[in-house]
Amino acid sequence: MEKYRILLYRLSAALLAGAMVCGLCACRGEDQTAELPELGATDLEYTQDHVSGTLCDGVKVDAEIPDMSEISQYDIVRVQMSLPDDDVLEDMKTFFFSTCQEDIKEEYDEQFMHTNYYTEEGKARTRNFAVIKSPGFQYVSWTNVVDFTETSWSFSYDLARTPESNVVLQVSTPEDRDFMSREEAVQTVLQQLAEWDLHPVGEAEVYSMDGDLMNEVVEDEVARGLLDYTKWDRDNLDAYFMIFQTGYQNIPYTFYDVFFGDKGTNAARFDIIYTKNGIVSFEYAFCHYNLLETIEQHDQVITLDQAMSAVKQHYEELVLTDDVYIHHIYFQYVPTQPDMEEGTSVMVPAWVVQPSFMDSKQEEKNFDPIFIDAITGEILLS
């Protein structure tokens, strides 16, 4: 297991990642809707799309409620991590290198079944297209630093969503970029993804990145010796950072790492950077799955308030040393019973609660997420 964690760290520092979409072919499980449990309740206040209030002593809630209007089935399924087929991967590679005049080099790591296709200028890699086919660690990604710097811009759900903790938020503005509106950019990207038979679920989360602000980040990292390649056109740093989700039955796979002891799977990642030169960065990691078996069928789940009652009980059994804040709640598929050697897991629909706290500098920091099984109401400890 440790080798996968090490690999993830190594690649996240040098590349981008990504992978997901379900193949549909499996035996149907028995409908077990009637077995939903009766759970407790809370004193939280609910509107159509928001929940707020005090959950218990020391725990305050102020979060949007996820939109579940497109979900009608909540099946428990056994899946196997995979990649798009080889023809699609080859088409992606052709797309990525289509404007490249340099020789394309190749390197292969047999241990992780990891292939890099790349170009370089001096000692600096200018383009890198990576594919990993290790059963429990599959993704495809590319980075084009000719048109956009490879820097610490990548969005992480493990961090609180504050400008202090994330470069994307530091350089984002409400305005559209001059080269294209965000709506046009998203539609252009979706059309390209459809050609690769990749179909995200839900709405994309899109950040409009100001090139001048991004250039300040670049200049700082160059001054500190963190970047070698320094020939970016400032105009190229105007960009949209897009976060997509993929899933099954309109339920997205979780974007959190999920580990049970020494077994687990990495967060599903599907991020794209789009500039006037098109897609310059693509991360599609740990999120492409084939359906092996439908274990249970359900057409309803526990309510959010029932899920929050389980969270309340969880915190009432702890001695809190800091106030806890819940600003983000999601509904996602969470992988359980993971087998990294085979790349299989059992996906369970779950309410996902992200607790946080304020550190000594009054900056928001995240605790580990809490996963509540949306069928049984049990907390899935990772």
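Since the structure is predicted, the reported quantities are computational estimates derived from the model, not experimental observations.

Draft legend 1. How the structure looks around the pattern of salt bridges. Tallying each qualifying case throughout the model produces 13 salt bridges. Residue Glu120 is joined to Lys105 by a salt bridge in which the shortest nitrogen-to-oxygen separation is 2.4 Å. On the criterion of sequence distance, the pair formed by Glu120 in strand E9 (residues 114-121) and Lys105 in strand E8 (residues 105-109) is long-range, its members being 15 residues apart. On the basis of relative accessible area, Lys105 is assigned to the partly exposed category, the value being 36%. Here Arg182 and Asp176 are joined by a salt bridge, their closest N and O atoms 3.0 Å apart. Among the residues examined, Arg182 registers a relative accessible area of 18% and is labelled buried. Through salt bridges with shared partners, one network takes in Arg177, Asp210 and Asp238.

Draft legend 2. How the structure looks around the packing of aromatic side chains. By the definition in use, this model includes 31 aromatic pairs. Between Tyr253 and Tyr289, the ring centres sit 4.9 Å apart and the planes meet at 45°, which makes this aromatic pair tilted. Linking Tyr253 in the loop between strand E16 (251-252) and strand E17 (258-260) with Tyr289 in strand E21 (residues 289-297), this pair joins segments that are 36 residues apart in sequence. Here Tyr289 falls in the buried class, since its relative accessible area comes to 2%. Relative to Tyr284, the ring of Phe270 has its centre 4.7 Å away and its plane inclined at 75°; by these criteria the two rings are edge-to-face. Pair noted here: Phe270 is in strand E19 (residues 269-275) and Tyr284 is in strand E20 (residues 278-286), with a separation of 14 residues, a long-range link. Here Phe270 matches Tyr284 in class, with each residue buried. Above the ring of Tyr117, the side-chain terminus of Lys93 is found at 4.7 Å from the ring centroid.

Draft legend 3. Focus on helix H4 (residues 182-195). Over its 14 residues, H4 runs 20 Å from end to end, which matches the ideal 20 Å to within 8%, given 1.5 Å per residue. In this structure, the buried residues of H4 make contact with helix H2 (86-96), strand E12 (172-173), strand E13 (201-209), strand E14 (239-245), E19 and E20. Positive backbone phi, approximately 60°, marks Asp197, located one or two places after H4.

Draft legend 4. Representation of the confidence of the model for the protein chain within the structure. On average, residues of the protein chain score 87 in pLDDT, and 88% of them are at 70 or above. Ignoring residues within four places in sequence, the model shows residues 1-28, a span with pLDDT below 50, making 111 contacts including any to other chains.

Draft legend 5. Molecular detail of the environment of Tyr108. Mapping Tyr108 onto the fold places it in strand E8. When the C-alpha positions of Tyr108 and Val131 are compared, they lie 9.7 Å apart, and in sequence the two are 23 residues distant. For Tyr108, the contacting residues outside a window of four places in its chain are Met113, His114 and Thr115.

Cut-offs used in this document
- Sequence order sets the numbering: in each chain, residues are counted from 1 along the sequence as written.
- Where local features are concerned, this predicted model is filtered to residues with pLDDT of at least 70; where side-chain atom pairs are given and counted, the filter is 80 or more; whole-chain, interface and lining totals use all residues.
- Remark: hydrogens and water are excluded; side-chain values derive from all non-hydrogen atoms of the structure.
- Salt bridges are identified by distance alone: a Lys or Arg side-chain nitrogen within 4 Å of an Asp or Glu carboxyl oxygen.
- Secondary structure counts use DSSP, requiring at least four H or I residues in a row for a helix and at least two E residues in a row for a strand, with both numbered from the N terminus.
- Burial classes: relative accessible area under 20% of the type maximum marks a residue as buried, over 50% as exposed, and values in between as partly exposed (1.4 Å probe, protein chains only).
- Here a Phe, Tyr or Trp ring, Trp counted by its six-membered ring, pairs with any other such ring whose centre lies within 6.5 Å, and the pair is stacked when the planes are under 30 degrees apart, edge-to-face when over 60, and tilted otherwise.
- Any Lys NZ or Arg CZ that is within 6 Å of a ring centre and within 35 degrees of that ring's normal is treated as a charge sitting over the ring.
- Each residue after the first adds 1.5 Å to the expected span of a helix.
- Contact criterion: two residues are considered in contact whenever any of their non-hydrogen atoms come within 4.5 Å of each other.
- pLDDT is a per-residue confidence score from the predictor, ranging from 0 to 100.

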